[in-house]
Amino acid sequence: MQRDLSRLSGTEHDVVVVGGGIHGACVAWDATLRGLRVALVEREDFGGATSANSLRIVHGGLRYLARGDFRRMRESIEERSAFLRIAPTLVEPLAVLVPTRGLGTQSRPALGTALALNDLLSLDRNRGLDAAHRLSRGGLLSTARCRQLFPSFPDEGVSGGALWHDARMRHPERLTLAFVRAAADRGAVAANYCGMERLLHDGGVARGVVAADLLGGGTLEVRGRTVVVAGGPWTGALATDGAIRPQAFALNLVIGRRLAEVAVGMRALTGAEEDPVIGGRRFIFLVPQDETTFLGTWYATAEGRTPAELVRLGEAALLSEFQAACPALELDAADVVRSQWGWLPLRTGRERGRATALADRPVVIDHGATAGLGGMFSVEGVKYTTARRVAADVVDRVVARLNAVTDRCRTDQVRVDEGEGTGDASLDGRVRRAVREEMAVRLSDVVLRRIGAGAPPKPAAATVVSAAEIAGQELGWTRERQDTEIEDVMQQVRTVGPIGEPRA
């Protein structure tokens, strides 16, 4: 996979995809797999913003059970299985534990019934999965067993725990990249650091985009018979030159030690006034990952505050919520080794309910039907888990617009990861592969999103320096350029999030 802008501008594509987060990557893969000619442009690096910064849980939709929304629960179950099937080296089973208490909805009888229904509704969850990726049935655990799995398990008022199985992304940034690479291997033309500037259109029909080369300078025309904008929080501005859909700030923290052997969910004690996005009493989760633990999620509306200000507020608030819900954790600010954040869409009148609540459903727009701009589509997703399914819907619409005869969607079956033991295990080999085969053009691309050295708590300084020297050899960097790249990486590893704020 090489960054070759001449290939982008040298042909007319069937579809130009704008945005290389998980939704754009899945659209590009699906369209390519169906035989369409695809171009993909991304303003920064693939999967480098909200798609990379999450709790890494692939949810099976258990929360929808309480609402009686069985259709969406089934969708989430199917998508969880799809990720386990098509990317088994990057997605693995995850046990999730919540305390049982009292006589209401959190009681052992209530949660035991919920787990039984969950198992019944997911009888086919292991279809096509190997033994290592099959999800076991849920069940109720004693307090003693809960404390074996989570030594800081709450004391007050608990009667034990309820445990079920979801899935976990080992490296969400590499999972997003896997879809881009799979598309490129099948003929798609992709370029990072290539940002859409404006739409090309003629006679009320989209004809492609004008894109800026953010590395070499200048602009190029990327022509296509259709255009799909999947720019996350920037989608509205790119697709319509108008205001974007209002966003919530979502923050997760990384603790520099492993707190449990399973993911643990607890009810935050905060009310609606302190938690205006969710409305209070939301579930907060801690998720073990190697030698660290992810804590999340804290949400807030921006209200004129910068991401740096929101990170400071959110760190203190989230630590306080975990400490109140589980005092035995004894967490404080010194335990935090990284903050990760992203933007998520709010309802704002497009869905029923409170406008400041998180959006529940993806928005896919055919701008030919809504604005008289044929061949133009946009998509704003709401969660990583269902990105593949949402992309299939988008590509169905593109195929219909092109009146094309294509293969059916097969992205739930065709593997996108590279299998076990692929590639050189040495740092030298991994860095050179990232540059030569994975379109890494900056040191942050290499360290944070390609070779795994940027995983929390932080990359070793010696590793960053060595990676800079190797990448510099490949990319022709001067010593001064290497030093600049090293400084940029070390600034990013404490607080990671999208580059810039959503455009109004």
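Reading guide: rules and limits
Residues numbered from 1 in each chain as written. Predicted model: local features only at pLDDT ≥ 70, side-chain atom pairs only at ≥ 80, totals over all residues. Heavy atoms only, no water. Buried < 20%, exposed > 50% of the residue type's maximum accessible area, 1.4 Å probe, protein only. Helix = DSSP H or I, 4+ residues; strand = E, 2+ residues; numbered from the N terminus. Pairing = 2+ DSSP bridges. Phe/Tyr/Trp six-rings, centres within 6.5 Å; stacked < 30°, edge-to-face > 60°. Patch = residues over 30% accessible without salt bridge, like charges linked within 9 Å, V, L, I, M, F, W, Y side chains within 5 Å. Areas by Shrake-Rupley, 256 points an atom, 1.4 Å probe, with all protein chains shown as cover. Salt bridge = Lys/Arg side-chain N within 4 Å of Asp/Glu carboxyl O. Core = buried A, V, L, I, M, F, W, Y, C linked by side-chain atoms within 4.5 Å. Contact = heavy atoms within 4.5 Å. Axes fitted to C-alpha atoms, helices over the stretch in contact; angles between N-to-C directions. Disulfide = S-S within 2.5 Å.

**Q** Can you lay out the pairing of strand E5 (residues 91-101) for me, pointing to particular residues and giving the numbers?
**A** Among the 11 residues in E5, eight count as buried, and that is most of the element. Summarising the sheet, E5 and strand E14 (residues 263-267) pair through two bridges and their orientation is parallel. Looking across to E14, one finds that Val96 is bridged to Ala263.

**Q** An account of the packing of aromatic side chains is needed here, citing residue identities and associated values.
**A** Under the defined criterion, the tally for this structure stands at seven aromatic pairs. An aromatic cluster of three or more residues is present, and its members are Phe249, Trp298, Trp341 and Trp343.

**Q** Pulling in residues and values, what's your account of a nonpolar patch on the surface?
**A** Together, Leu117, Leu120 and Leu123 make up an exposed nonpolar region whose accessible area comes to about 310 Å². For Leu123, the location among the structural elements is in the loop between helix H5 (108-121) and strand E6 (139-141). Judged by its relative accessible area of 65%, Leu123 is exposed.

**Q** So what's going on with the pattern of salt bridges? Which residues, and what values?
**A** Counting across every chain of the model gives 40 salt bridges. With its nearest N and O atoms 2.8 Å apart, the salt bridge here joins Asp396 to Arg34. Of this pair, Asp396 sits in helix H11 (residues 387-402) while Arg34 sits in the loop between helix H2 (22-33) and strand E3 (38-41); the two residues are 362 residues apart in sequence, bridging distant segments of the chain. Judged by relative accessible area, which is 42%, Asp396 ranks as partly exposed. Of the residues examined, Arg34 reaches a relative accessible area of 6% and is grouped as buried. Asp428 serves as the salt-bridge partner of Arg432, at 2.9 Å between the closest nitrogen and oxygen. With a gap of four residues between them, Arg432 and Asp428 both fall in helix H12 (residues 427-437), about one helical turn apart. Take Arg432: its relative accessible area is 17%, and that puts it in the buried class.

**Q** Describe the nonpolar core, naming the residues involved and giving the relevant values.
**A** Grouped together as the largest cluster of nonpolar side chains are 53 residues, with contacts concentrated most on Val91, Leu175 and Phe179. If you list the elements that add at least two residues to this core, you get strand E2 (15-18), H2, E3, helix H4 (70-86), strand E7 (158-169), helix H7 (172-185), strand E19 (376-380) and H11. Beyond its immediate sequence surroundings of up to four residues, Leu175 is in contact with Phe83, Ala87, Leu90, Val91, Met169 and Tyr384. If you look at the next biggest cluster of nonpolar residues, it comprises 36 residues, including Ala95, Leu97, Leu253 and Val311.

**Q** A description of the side chain of Asp69 should follow, citing residues and the corresponding values.
**A** Inspection of the secondary structure puts Asp69 in the loop between helix H3 (63-67) and H4. Leaving out residues up to four positions away in the same chain, Asp69 has contacts with Tyr64 and Arg361.

**Q** Account for the sheet that holds strand E12 (residues 227-229), naming residues and giving values.
**A** Strand order in the open sheet formed by six strands is E8-E3-E2-E12-E19-E18, and the pairing between neighbours is mixed. Pairing within the sheet leaves two strands with one partner each, and these edge strands are strand E8 (189-191) and strand E18 (363-366). Strand-to-strand twist across the sheet, computed as the mean angle between neighbouring axes with direction ignored, equals 15°. In terms of strand pairing, E2 meets E12 through three bridges, oriented parallel. Across the sheet, the residue bridging to Val17 is Val228, located in E12.

**Q** Hey, could you go over the state of the cysteines for me, with residue numbers and the actual values?
**A** Taken as a whole, this structure holds zero disulfides when the rule is applied. Just so you know, Cys146 is unpaired, no disulfide at all, and the nearest cysteine sulfur is the one on Cys326, 12 Å from it. A residue is classified by how much of its surface remains accessible, and Cys146, at 0% relative accessible area, is buried. On the accessibility criterion, Cys326 (1% relative accessible area) is buried.

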